[in-house]
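# Fold and geometry: a report
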Amino acid sequence: MATASKAVTDSRANLPFVYRHYSAEQLREVLHKMYLIRRFEEGAEECYTRGLIHGTMHLSIGQEASAMGICMPLAEDDQITSTHRGHGHCIAKGAEVKRMFAEFFGKTTGYCKGRGGSMHIADVGKGNLGANGIVGGGIPIAVGAALSSKMMKTGKVVVSFFGDGANNEGAFHEALNMAAVWKLPVIFVCENNGYGMSTSTARSTAVKNIAERAAAYSMPGVIVNGNIFSEVAEASHQAIARARAGEGPTLIESKTYRHRGHSKSDRNRYRTKEEIEDWMSNRDPITLFESELREFGFIDDKGIEAIRDAVAQEIAEGIEFANASPSPDISETGNYVYTEQA
Amino acid sequence: MDAMVRELSYAQAIQEAMAIAMDMDERVFLMGEDIGVYGGAFQVTGDLVERYGADRVIDTPISELGGAGVAVGAALTGMRPIFEFQFSDFATLAMEQIVNQAAKMRFMLGGEVSVPVVMRFPAGSGTGAAAQHSQSLEAWLGHVPGLKVIQPATPYDAKGMLLAAVADPDPVMIFEHKLLYKMKGPVPEGYYTVPIGKADIRREGRDLTIVATSIMVQKALDAAAALENEGIDVEVVDLRTIRPMDKQTVIDSVKKTSRLLCVYEAVKTLGIGAEVSAMIAESEAFDYLDAPIVRLGGAETPIPYNPELEKATVPQVPDIITAARDLVKGVR
Ligand SMILES: Cc1ncc(C[n+]2csc(CCOP(=O)(O)OP(=O)(O)O)c2C)c(N)n1
Ligand SMILES: [Mg+2]
C-alpha cells in the first residue's frame with residue numbers, strides 16, 4: 001500500500017498514525033468506505049422494511065471505524081473471517097455493494113447466488129471467507145487459514161472478526177491456544193459492542209476487558225477505541241507486522257457500540273435510550289473521523305459532500321441492480337451441495 | 001377435565017407450562033441465552049424473569065457446550081433445569097454433553113443416577129434464516145438411547161408434553177418448530193400432562209395413513225381436508241414422540257388403511273421416515289400394505305436463503321396432496 005511522501009510525513013509529524021502513514025487520497029477513500037457501509041446498511045434496512053428483503057439482518061451501524069481500521073492495513077490477498085454482523089467487514093475488505101444487495105435480495109448475481117443472504121455474506125475473491133451464522137464459528141477457521149498460509153508460505157495474514165459474546169464460546173479459547181502454540185499469522189479482533197444480543201459483557205464475561213484473555217494464550221492483548229479509525233488502524237498495522245514477521249497472533253479488542261438493535265426483532269429492553277443516544281450523538285465513528293480529517297486539512301465541506309453524493313448514487317444503483325437481477329430457479333435447489341465434477 | 005380452556009399460542013402454552021412447573025417445584029429453573037429481559041429469541045420465556053427472578057430465569061453467556069453441561073450437572077445433582085437453545089442448530093455445539101453425558105450417565109453408572117434435564121430446541125425452516133438457523137436435527141438425537149425426543153405439534157400438546165418432560169426422570173429433548181410458535185389452539189388452564197411416547201390420531205380415515213411430525217401435522221391435515229373433496233379419506237397420525245416411538249398406533253392405522261405416507265421436514269434420507277417405514281415393514285402391518293410406502297421429506301440440501309428455494313426445499317401442502325393422491329390411485 002502506497003504511503004505518504006517524506007515531506008508530507010514530516011509536516012504531519014505530530015498527527016495520529018494514519019495521518020502520517022496514508023495519503024490524503026487514501027484517507028478520503030476510508031471516509032468514502034465508512035459512508036458506504038453506513039448507507040448500505042441503511043439501504044438494506046429500508047429494503048427490509050419495504051418487504052424486499054426477508055429473513056433478518058444484523059446491522060453494524062456505529063461500528064464502521066472498527067471494520068475499516070482493521071481492514072485498511074491488510075493487503076488485498078490477506079484474508080478475513082467475519083460474523084453475523086458482517087456487512088461492514090465485507091465492504092471494508094473490498095466487496096461491491098451491488099452484489100451484496102443482490103445477495104440480500106436472494107438473487108443469482110449475489111455473492112452467494114442467493115443461497116446465503118446477509119448472515120453468510122462473503123467475497124472469497126477479495127479474501128472474505130464469509131460471515132457466519134454461528135457465534136464464534138469463524139475463529140478456528142481463521143486459524144486454519146493462517147495454518148495454510150504458513151504451510152503454503154503465501155505470506156497471507158488472516159483476521160478473525162468476532163463479537164464480545166463469542167469470546168465465551170469454547171471455539172475462541174481452543175483457537176487462540178493453537179494459534180499461539182503454532183505462532184500463526186492470525187489476528188483476533190474482538191469487536192466489543194458491550195452486548196451479546198441482550199446480555200452485557202458485565203453479566204456474561206468474567207474479565208473486564210476481553211483483551212485480558214490474551215495473557216492466557218501468551219499473545220499481546222491490545223485495547224483500542226473502536227470508534228476512532230486511527231487507533232484501530234494503528235493497532236491493526238502493528239499486529240499485521242508482527243504476524244508477517246512470524247511472531248504469531250495478537251488479540252485486539254476494539255471497543256465500540258451498535259446503534260441499532262441486535263437484529264430486526266430487538267426491542268432494546270436491556271439498554272437505555274440515553275445510552276444509545278449518547279453513543280450516537282457523541283461518539284459516532286464517521287463524525288469523529290470526518291472532523292479529524294477536516295481539522296487536519298485532508299478534506300473540506302465540498303469534499304465531504306462529494307463523497308456523500310457518490311455513495312448515495314452507488315447505493316441507489318446497487319439496489320436497482322439487485323432488483324433487476326434474476327432469482328435462482330427452483331430446479332436448482334440441489335446446486336452447490338457438493339462440488340460439481342465434470 | 002373441567003379446567004377453563006382458552007385459546008393460547010404455542011409459545012404462550014410453553015411459557016405457561018414453564019411457569020406452572022416453577023410454581024409446583026422449587027427445583028425447576030430455566031437457563032438459556034437471552035431468555036431473561038429479552039424474553040427469548042422467540043419470546044417464549046417472555047416476562048418470566050420478572051415473575052420468577054434472574055436466579056430462576058438465568059441468562060447464560062453464549063456458551064452452548066458449557067451451558068448444556070451445567071444443566072446436565074444440575075439435573076444430576078437434584079435440580080430440574082429447563083435449558084433453551086436459542087436455535088436447535090446450536091445443539092451441534094453441545095452434542096458432547098447431550099450425547100456422551102446426559103444420555104448415557106444413568107446407564108454407565110449402573111442406574112445409580114438419573115438426569116432429569118429438559119432441553120428445548122426451536123427448529124425448522126421458513127423464516128429466511130438460511131442454512132445455519134433452519135435445520136431439523138431431531139433425528140440426530142432420536143438416534144441416541146437414553147434420550148427421549150418429542151415434537152409437539154399443537155399448543156395443547158406443547159404444554160402437556162413439556163409438563164410431562166419436567167416430571168420425567170430422564171433427559172427429554174423438545175423440538176419446537178419456529179413457525180408453530182404463533183399457532184393458536186385450545187389450552188386448558190392448570191396442570192395436565194400429555195404422555196411422552198404416545199402418538200395421536202388427529203384425523204381418522206380409511207384410505208391412507210399419513211404419519212407426520214411437528215409442523216407437517218397441520219400441513220397433512222390441510223392436505224387431508226383438500227383430499228376429502230376428491231373422495232380420498234386420509235388418516236393423520238401425529239407421531240409426537242420420535243423416541244420412544246409409539247409403534248402400535250402406527251401399525252394399527254396402517255392395518256386399517258393399507259397405505260402409508262410419512263411426512264417430515266428434516267432431510268428425507270436416514271430420518272424419521274426411514275424408521276417408520278422400516279418399522280412397518282418389520283411388523284404385521286406389512287402384509288396389509290396395498291402399495292409401497294412413500295416418504296416425503298426435506299430435499300438433500302442445506303436450507304437456502306432465497307425464499308422460493310427455501311419453500312421448495314421442504315414439503316408443502318400441495319406436495320402432500322399429490323403424494324397422497326398418487327399413492328391412493330396407485331401412481332408410481
Ligand atoms: C453458537 C451460537 N449461539 C447463539 C447464537 C445466536 N446469536 C446470534 S448473534 C448473538 C449475539 C452475539 O454477540 P456478539 O458476539 O457480542 O456479537 P454482536 O452481535 O454484538 O456483534 C447470538 C446470541 C448463534 N448465532 N450462534
Ligand atoms: Mg457484542
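Residues numbered from 1 in each chain as written. Chains lettered and ligands numbered in written order. Predicted model: local features only at pLDDT ≥ 70, side-chain atom pairs only at ≥ 80, totals over all residues. Heavy atoms only, no water.

### Section: the coordination of the magnesium ion (ligand 2)
At this site the magnesium ion (ligand 2) is bound by Asp164(A) (OD), Asn193(A) (OD1) and Tyr195(A) (O), with donor distances of 2.1 Å. Here Tyr195(A) falls in the buried class, since its relative accessible area comes to 12%. (Donors = N, O, S within 2.8 Å, 3.2 Å for Na, K, Ca; no water. Buried < 20%, exposed > 50% of the residue type's maximum accessible area, 1.4 Å probe, protein only.)

### Regarding the confidence of the model for chain A
On average, residues of chain A score 96 in pLDDT, and 97% of them are at 70 or above. Confidence, expressed as mean pLDDT per element, reaches its minimum in chain A at helix H1 (residues 6-11) of chain A with 65 and its maximum at strand E3 (residues 186-192) of chain A with 99. (pLDDT = per-residue confidence, 0-100. Helix = DSSP H or I, 4+ residues; strand = E, 2+ residues; numbered from the N terminus.)

### Some words on the site of ligand 1
With respect to spatial proximity, 23 residues lie near ligand 1, and among them His84(A), Arg85(A), Gly133(A), Gly165(A) and Glu64(B) are the closest. At the site occupied by ligand 1, nearby residues are drawn from chains A and B. Residue His133(B) places a side-chain N or O atom 3.5 Å away from a nitrogen atom belonging to ligand 1. Per-class residue counts for the shell around ligand 1 are eight nonpolar, nine polar and six charged. (Near = heavy atom within 4 Å. Polar contact = N/O pair within 3.5 Å; in protein donor to acceptor, adjacent residues only side chain to side chain. Nonpolar A, V, L, I, M, F, W, Y, C, P; charged D, E, K, R; others polar.)

### Section: the side chain of Ser63(B)
If you trace the backbone, Ser63(B) turns up in the loop between strand E3 (57-59) and helix H3 (64-76). A relative accessible area of 15% means that Ser63(B) is categorised as buried. The residues contacting Ser63(B), other than those within four sequence positions of it, are Asn168(A), Glu169(A) and Glu33(B). (Contact = heavy atoms within 4.5 Å.)

### Structural notes on the sheet that holds strand E13 (residues 260-267) of chain B
Residue and element names in this part refer to chain B. On the basis of which strands lie adjacent, the open sheet formed by five strands has the order E9-E11-E10-E13-E14 and mixed pairing. Strands with a single pairing partner mark the edges of an open sheet, and in this sheet they are strand E9 (200-203) and strand E14 (294-298). Here the average twist between neighbouring strands, direction ignored, is 25 degrees. Sitting on the sheet, helix H10 (residues 272-282) is in contact with strand E10 (208-212), E13 and E14, with an inclination near 155 degrees to E13. (Pairing = 2+ DSSP bridges. Axes fitted to C-alpha atoms, helices over the stretch in contact; angles between N-to-C directions.)

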